[in-house]
Structures are given as structure tokens and as C-alpha cells.
Amino acid sequence: MTLPLALEQLLNGIQFGVMLFLMASGLTLIFGVMGLINLAHGSLYMVGAFVCAYVTGITGSFWLGLVAGAIGAAMMGVIVEMLVIRRLYQRDHLDQVLATFALILILSEGTAWVFGSQPLWLDIPSVLKGSIELGSVIYPVYRILIIIVGFLVAVGLYLLISRTRIGMRIRAGENDREMIGALGVNISALYTFVFAVGAALAGLAGALVGALQSVEVGMGEPVLILAFVVIVIGGIGSIKGALIGAMLVGIVDTLGRVFLPSVFQWFMEPSAAASMGSALASILIYLLMAIVLAIKPKGLFPANA
């Protein structure tokens, strides 16, 4: 293990964590304000990736595709919230799980019908294809862009929640939605706005990651599972918790997958070490979640602690 390799993988973990934060922040915002378990959040990530790839292919502009991916996911979120989700707020969590699981199937089939069932490929813009030297590490410019965008979004969300009037209403809605309704706040409009913001963040994450992997139907479900792990670790309803939890999950998962097989090679055959290391690395984040919940059952930074 060399220091440049360790630093490079640390940056990869941060980049992965940023992508998880974009997913988890919207998910925890929706759950914290609405009390809604939204299994279809990963499908909005997929929609953002497909819209970005499609618009980029037509216009030749990655930046236009990136904006279109976030806006397309937000628009889909508004449609879903108004037609389906709005009827679930007063239902129990089992009904929410079943309805949003049905939305996963509908959105997956709809996406395949609109864009086709074959994977799409999204090229990184030429200006972002190079690498830059960060001390002893040579790191891709595009991955650095993802990290910067993620932290800018984190700052923007903080300012939105803590420094604006709509943020004040969102915080009040987390604590006592009946009271702010009685004070004349349009709860339906507030919920639609929050859901649209969460969907836009998921779509932005999908659009950004679409340039690093193939864009295909069902790509959002594995990321959704990790996003749930993030909000459980960070604390439900907390943007700060989502950021810290995402960084922990991203770094632990990335470093574990890279270095654990090497550790097992010290006392096992290379093939067995690779198999054992990969198997253990895949459960590291769940061990991390179990440890955090054993110490702090509500997560590291619960919103209403």
C-alpha cells in the first residue's frame, strides 16, 4: 500500500460519498418533513440520468443535459407527488412502501418505453477529461467536479433550510405540520416543493454519475439502498447527518473494497484472499450502521434531538 494510492482511494470515497449525499439529502428531507417512506426515490435518480444522456446526445451540450436531468427529475417528482404521493400522507408506512414500490415498476417500464431498454452512454466533456496533480496524486478533473458540486449543494441546502422563509416553514413542518397549517401555510404546496427539491437532487446525482457508468433501467435501486443506510447512520431528517453519513459510507466502502483483499493476502492464497476480502468489504457499511445504532439509536445527528 502506497501513500498516493491511499490518497487516491480516499478521494474516490469522498466522490462516492458526495453522490450518496445528493441522494440521501433529498430522501431524508422528504421523510423528515412528510414522514413518507419513498422507495421510488432511486427511480428519480434513474430518470435524471436518462434525461441527461438523451438531451446531451441531441444537443451535444453536457451542461445543458445536466440541467435537464435535474429539472426532468424534479418535474417527474411533482407529477408523482400530485397524482400518487399526496394520497399517502395520512396512510401507514406499509401503504407507502407498497405504493412507492409500485411506482418503481411503473417508472422503470415507462423509462424503458420512452428511452429504450438498451443502456445509454454519456461522454465526459473534453474540458473535463484530463487529470490534475494534487500533490503526489493525479486525479481526474471530472471526479473533482462531482466533489465540488456536492459540497456546493450541501452549502445551498444549509442556506435554504436555515436562512430563508421557505426553510423556516420546512423546519416547522418537521416539528408540527398541523400548527403551520393552522397558521395559514399551504401544506400541499410546501410538500410539493420539498418533494420536487428531493427529486431534483436525485436527478442531479444520476446525471453526474451517468458519465462514469452506463445509464440503464434499474440503476437507481442499489444506490437507494445505500442512501437509506446513510440516513440511518446520519439521523433521519438531518441534512448535516446526511452529509456526514454519506462521507463515512463512501470512504468506508471504497477503502474496504480496495484494501481488504490485500490484507487477507498476508495469510491466504491470492484467489481466496480476493474472495474473502470482497465479501467482507460488501458488508462493512452495514457493520458501520450497526455500530452507530448501538451507540446512538437515532443516528449521529437526528433532526429533532
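Since the model is a prediction, treat every value here as computed from it, not as a measurement.

(A) Structural detail: the nonpolar core. Residues Leu20, Phe21, Met34 and Tyr45 are the most contacted members of the largest nonpolar core, which totals 79 residues. Excluding residues that lie within four positions of it along the chain, tyrosine 45 makes contacts with Met19, Met23, Ala202, Gly203, Ala205, Gly206, Val209, Met219, Gly220 and Val223.

(B) Spotlight on the side chain of threonine 28. With respect to the helices, strands and loops of the structure, threonine 28 is situated in helix α1 (residues 3-34). If we skip the residues at most four places from it in the chain, threonine 28 touches Ile231, Gly235, Ile236, Gly237, Ser238, Ile239 and Ala242.

(C) Representation of the environment of glycine 110 in the model. Along the chain, glycine 110 turns up in helix α4 (residues 93-115). Glycine 110 gets classed as partly exposed once you look at its relative accessible area, which sits at 26%.

(D) Quick look at helix α3 (residues 62-83). In this model, α3 (22 residues) spans 31 Å end to end at C-alpha, consistent with the 32 Å of a helix rising 1.5 Å per residue. Buried positions along α3 lie against α2 (41-59), α4, α5 (141-163) and α8 (187-209).

(E) Representation of the packing of aromatic side chains within the structure. Applying the stated rule across the entire model yields four aromatic pairs. Note on phenylalanine 62 and tryptophan 63: the rings are 5.5 Å apart at their centroids and 75° apart in plane angle, and the pair reads as edge-to-face. Residue class for tryptophan 63 comes out partly exposed when judged on its relative accessible area of 42%. Seen in terms of ring centroids, phenylalanine 62 and tyrosine 142 are 5.9 Å apart; in terms of plane orientation they differ by 70°. Their pairing is edge-to-face. Residue phenylalanine 62 is found in helix α3, and its partner tyrosine 142 is found in helix α5; the two are separated by 80 residues along the sequence.

(F) Looking closely at the environment of isoleucine 85. Checked against the element boundaries, isoleucine 85 lands in the loop between α3 and α4. For isoleucine 85, a relative accessible area of 0% puts it in the buried group. Sequence-wise, isoleucine 85 and threonine 100 are 15 residues apart; in three dimensions their C-alpha atoms are separated by 8.1 Å.

Conventions and cut-offs
- Residues numbered from 1 in each chain as written.
- Predicted model: local features only at pLDDT ≥ 70, side-chain atom pairs only at ≥ 80, totals over all residues.
- Heavy atoms only, no water.
- Core = buried A, V, L, I, M, F, W, Y, C linked by side-chain atoms within 4.5 Å.
- Buried < 20%, exposed > 50% of the residue type's maximum accessible area, 1.4 Å probe, protein only.
- Contact = heavy atoms within 4.5 Å.
- Helix = DSSP H or I, 4+ residues; strand = E, 2+ residues; numbered from the N terminus.
- Expected span 1.5 Å × (residues − 1).
- Phe/Tyr/Trp six-rings, centres within 6.5 Å; stacked < 30°, edge-to-face > 60°.

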